[in-house]
Amino acid sequence: GMATAALDQFERAVELSKEMGDHKSIARYSSDLAKILLWNENPNPKRALEIIELGIAQQVKGFEHIHAWSMLELGDYFRRCGRMDDAETAYNRALAMRVSPLAKAYSLRTLGRIHMNRGSREKAIEYFEQSLDIYRRIDIGGGDIRLTEDLLLEARANSDRGGRQ
């Protein structure tokens, strides 16, 4: 359908940009292509990671935050599929890039969730506290702060009741 047509067009755009040595276009198209590869009817996370890495390799100034968000989407995909180790790797890779405070807070909160599900309550608490601090500093308001506060309270309650560390 339309996703397949878009996938073909972005694959062509990346290939043409590579042929022309147009690093900025490769960096830009790689992010869009990775999203399509992850969220179409036949997801291909391995190819999405290759494309994200191709974009990163272009080292185009000003695009690092775009690649970080692509890495976060890859982490989200893996998390939804239950591939927590792969998700954790993707979130940590995103955090290693120059990332917006919002993306950093989101990554930290999601890492906290992964650790909480594994029973690593103290590690989860650390991630939730860091995330909450960032959300409050950037004054994001509303849902993100409340969700993170609720997760932190749950992790602390489970830790106080002798939850596994």
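Whatever comes next refers back to the structure up there.
Parameters at a glance
- Throughout, residues of each chain are indexed from 1 in the direction in which the sequence is written.
- Per-residue local features are limited, in this predicted model, to residues with pLDDT of at least 70; the limit for side-chain atom pairs, both in listing and counting, is 80 or more; totals at the level of whole chains, interfaces and linings are taken over all residues.
- Excluding hydrogens and water, the side-chain values take into account all heavy atoms of the structure.
- Every axis corresponds to a line fitted to the C-alpha atoms, with the helix fit spanning only the stretch in contact, and the corresponding angles, defined between N-to-C directions, vary from 0 to 180 degrees.
- Strands here are runs of E lasting at least two residues and helices are runs of H or I lasting at least four, both read from the DSSP assignment and numbered beginning at the N terminus.
- Angle categories are assigned with fixed cut-offs, so that under 35 degrees is roughly parallel, over 145 is roughly antiparallel, 65 to 115 is roughly perpendicular, and the rest are oblique.
- The hand of a helix crossing depends on one turn: near helix anticlockwise from the far one by less than a right angle means left-handed, and clockwise means right-handed.
- Residues count as neighbours in contact if any of their non-hydrogen atoms are within 4.5 Å of one another.
- Classification convention: Asp, Glu, Lys, Arg as charged; Ala, Val, Leu, Ile, Met, Phe, Trp, Tyr, Cys, Pro as nonpolar; all other residues, Gly among them, as polar.
- Aromatic rings from Phe, Tyr and Trp, taking only the six-membered ring of Trp, are treated as a pair when their centres fall within 6.5 Å; an angle between ring planes under 30 degrees marks them as stacked, one over 60 as edge-to-face, and anything in between as tilted.
- Each residue's exposure class comes from its accessible area (1.4 Å probe, protein chains only) as a fraction of the maximum for that residue type: buried when under 20%, exposed when over 50%, partly exposed otherwise.

Engineer: Can you explain the packing of helix α6 (residues 101–118) against helix α7 (residues 121–137)? Please cite residues and give values.
Structural biologist: Where α6 meets α7, the axes come as close as 8 Å, and the angle between the chain directions of the two elements is 160°. The orientation of α6 with respect to α7, classified from their angle, is roughly antiparallel. Remark: the crossing between α6 and α7 carries left-handed chirality. Counted together, Pro101, Leu102, Lys104, Ala105, Tyr106, Leu108, Arg109, Leu111, Gly112, Arg113, His115 and Met116 of α6 and Arg121, Lys123, Ala124, Tyr127, Phe128, Gln130, Ser131, Ile134 and Tyr135 of α7 form the full contact between these two elements. Residue composition of the contact of α6 with α7, by class: 12 nonpolar, 4 polar and 5 charged.

Engineer: Hey, could you go over the packing of aromatic side chains for me, with residue numbers and the actual values?
Structural biologist: If you walk through the whole model with that rule in mind, you get 2 aromatic pairs. With a centroid separation of 5.9 Å and 75° between ring planes, the pair formed by tryptophan 39 and tyrosine 77 is classed as edge-to-face. In this pair, tryptophan 39 is assigned in helix α2 (residues 23–39) and tyrosine 77 in helix α4 (residues 64–80), connecting sequence segments 38 residues apart. Taking the relative accessible area as the measure of exposure, tryptophan 39 reaches 40% and is therefore partly exposed.

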